[in-house]
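# Understanding the architecture of this molecule
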Amino acid sequence: MTTMELPTRAAETALTAAWVMDRVRAYASGLPARAPEIERLGRIPGDVLDGLKATGLLRAALPPSRGGVEMTVPEITRAVDLLAEGDASVAWCAAVALNAALAVVSLPAEVFTELFPDQDLITATALPPAGRTVRRDGGYLLSGRWSYGSGITHADRVMAGFQTPEGAPRVAVFDAAHARVLDTWNTTGLRGTGSHDFEVTDLFVPERHTFGLVPSGSRQEPLHLRADNLALKMAGVPLGIGRSALNTAREILAARRTALPRPGVPADLAHAESLIGAADAYVYSTLESAWAAQAAGLVPERGTAALARRFAHRACREAVQLLYDAVGSAAVYTERTPLDRCLRDLITAGSHVASSEKILDGVGDLRLGGAPASPHL
């Protein structure tokens, strides 16, 4: 196994968004060489995880007072985008790990530090309240089974939703070693995320290690003010996948420009580029506008970023299919090109509730005067 060259960070270095982005770019450039291995293993190897931690990205949603960087949503999305260009599974797990920001806004500072003594710990998140509990002195006995535990095979911490005996949903934070991982993630795409089901039985969780989904802390920064900001960064995944496929197809087709299989191939390449470019412009212009509104104390129009995210998935999937067909039979050889993996990763990513067809139904209902409850809008 080849060991990744890790970005270095002096302990005393004060992280900035520019510093993190530089290291994400350097780190992401080495991911394509590891992508086949990540897919084959169905998880992210330890040295690849170490490299991710060294970028500082896992601190991107934490305040500087907690050793964080507090990057903007557009910056975080671009970082996820860059990672996805290298490997979609690494990008997906990194984006999910950033959901630890829910705990920092909801828990007292001393409790957050107790749970996350290292700001680069990786968190697996399953927020739907699938767990059930009974009261015990000072906390709960938690049991349950959760699905889609992205990163559960390499996580340090787990955040899992549960119903209290009184019926109010809360989120428990606990050491990932307590979770029993079930081998369920047998999928077409995003295999390296290891998004298996997991379960716990009668796990004692102190009440101080739980929180409600509505932030109760004193911090009111825009990033943490709206729960749907957690979904916004996921738009970077299809954009990065699309760009990876486009670069690969352009290189292959340019090498055989005088012997293309059919006349329409150059037009398909150009069409794919326009689809990815349109999605990129839509996503980032929407995120920049929403972030500026929140920074000014305003509430962005609900549903707009969700539409951009859903469009990115649809447009990039169409683009990658065009590129796959343009390259022809060579695209099926996974050891030669990432095109087959790109297409499968996009299909799987697009089925997530934050980017599925249900988004269109929800936003359409919203525009017609409805009030859909989905947090992904």
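Residues numbered from 1 in each chain as written. Predicted model: local features only at pLDDT ≥ 70, side-chain atom pairs only at ≥ 80, totals over all residues. Heavy atoms only, no water.

### Quick notes on the sheet that holds strand β5 (residues 180-182)
Strands in a sheet are paired, the pairing made by backbone hydrogen bonds, and the direction either parallel or antiparallel. Spatial ordering of the open sheet is given by β5-β6-β2-β1-β3-β4-β7, a layout of seven strands whose pairing is mixed. At either margin of the open sheet sits one strand with a lone partner, and together these are β5 and β7 (210-211). Where strand β4 (residues 169-175) and β7 come together, two bridges link them in antiparallel fashion. Bridge pairing in β7 places V171 opposite F211. (Pairing = 2+ DSSP bridges. Helix = DSSP H or I, 4+ residues; strand = E, 2+ residues; numbered from the N terminus.)

### Topic: the pairing of strand β2 (residues 139-146)
Within β2, seven of the eight residues are buried, which leaves the element mostly enclosed by the surrounding structure. For strand β1 (residues 123-136) and β2, the ladder comprises five bridges, and the chain directions are antiparallel. Across the sheet, residue R136 finds its bridge partner in β2, namely G139. Count of turn residues in the β1/β2 antiparallel hairpin: two residues, of which G138 carries a positive phi of about 80°. Pairing between β2 and strand β6 (residues 197-206): seven bridges, direction antiparallel. Opposite G144, over in β6, you have V200 as the bridge partner. (Buried < 20%, exposed > 50% of the residue type's maximum accessible area, 1.4 Å probe, protein only.)

### Details of the packing of helix α10 (residues 236-255) against helix α12 (residues 304-327)
When two helices pack together, their arrangement is given by the angle between their axes and by how far apart the axes lie. One way to put it is that α10 packs onto α12 with a least axis distance of 9 Å and a crossing angle of 20°. By the angle between their axes, α10 is roughly parallel relative to α12. You can see that α10 and α12 cross each other, and the crossing is left-handed. Across the interface between the two elements, P238, L239, G242, A245, L246, A249, I252 and L253 from α10 touch A312, H313, C316, V320, L323, A326 and V327 from α12. Class assignment of the residues belonging to the contact of α10 with α12 gives a composition of 13 nonpolar, two polar and no charged. (Axes fitted to C-alpha atoms, helices over the stretch in contact; angles between N-to-C directions. Parallel < 35°, antiparallel > 145°, perpendicular 65-115°, else oblique. Left-handed = near helix turned anticlockwise from the far one by under 90°. Contact = heavy atoms within 4.5 Å. Nonpolar A, V, L, I, M, F, W, Y, C, P; charged D, E, K, R; others polar.)

### Details of α10
Here α10 is 20 residues long and its end C-alpha atoms lie 29 Å apart, about the 28 Å a rise of 1.5 Å per residue gives. Within α10, 14 of the 20 residues are buried, which leaves it mostly tucked inside the rest of the structure. (Expected span 1.5 Å × (residues − 1).)

### Considerations on the confidence of the model for the protein chain
In this model, the protein chain carries a mean pLDDT of 90, and residues with pLDDT of at least 70 account for 92%. Every residue in residues 216-227 scores below 50 in pLDDT, and together they form 29 contacts with partners more than four places removed in sequence or on other chains. (pLDDT = per-residue confidence, 0-100.)

### Overview of unusual backbone geometry
Backbone phi values are negative for most residues with the exception of glycine, while trans is the configuration of most peptide bonds. In this structure, Y148 is a non-glycine residue whose phi angle is positive, near 55°. Mapped onto the fold, Y148 is located in the loop between β2 and β3 (157-163). Here Y148 falls in the exposed class, since its relative accessible area comes to 60%. At L190, a position not held by glycine, the phi torsion is positive, near 50°. On the secondary structure map, L190 appears in the loop between β5 and β6.

### Thoughts on the nonpolar core
Core analysis: the biggest nonpolar cluster contains 78 residues, and L57, M71, L83, V283 and L323 have the highest contact counts within it. Listing elements by their share of this core, those giving two or more residues are α1 (17-28), α3 (46-54), α4 (73-86), α5 (88-97), α10, α11 (265-295), α12 and α13 (339-349). With twelve residues, α12 is the single largest residue contributor to this core. Residues contacting L323, with those up to four places away along its chain left out, are A245, L246, A249, L269, A272 and L339. W146, A160, F174 and V200 belong to the second largest nonpolar core, which has 18 residues in total. (Core = buried A, V, L, I, M, F, W, Y, C linked by side-chain atoms within 4.5 Å.)

### Describing α11
Counted at 1.5 Å a residue, the expected span for α11 with its 31 residues is 45 Å, and the 45 Å between its end C-alpha atoms agrees. Backbone geometry just downstream of α11 places G297 in the positive-phi region, at approximately 85°.

### Things to note about the state of the cysteines
Evaluated as defined, the whole model comprises zero disulfides. C93 takes part in no disulfide bond, and the closest cysteine sulfur, belonging to C342, lies 17 Å away. Considering cysteine sulfurs only, C342 is the nearest to C316, which forms no disulfide, with 10 Å between them. Overall, C316 belongs to the buried group, its relative accessible area being 0%. (Disulfide = S-S within 2.5 Å.)

### A word on the pattern of salt bridges
Following the criterion strictly, the structure yields 23 salt bridges and no others. For the salt bridge of R59 with D120, the shortest nitrogen-to-oxygen distance reads 3.0 Å. Of the two residues, R59 is situated in the loop between α3 and α4 and D120 in the loop between α7 (109-115) and β1; the sequence distance between them amounts to 61 residues. Comparing R59 with D120 shows no difference in burial state: the two are buried. Across the pair E301 and R367 runs a salt bridge, and its minimum N-O distance is 3.9 Å. With E301 in the loop between α11 and α12 and R367 in helix α14 (residues 358-367), the pair connects residues that are 66 residues apart, well separated along the chain. A relative accessible area of 55% means that E301 is categorised as exposed. A network of salt bridges, in which partner residues are shared, links R78, D81, E85, R243 and D280. (Salt bridge = Lys/Arg side-chain N within 4 Å of Asp/Glu carboxyl O.)

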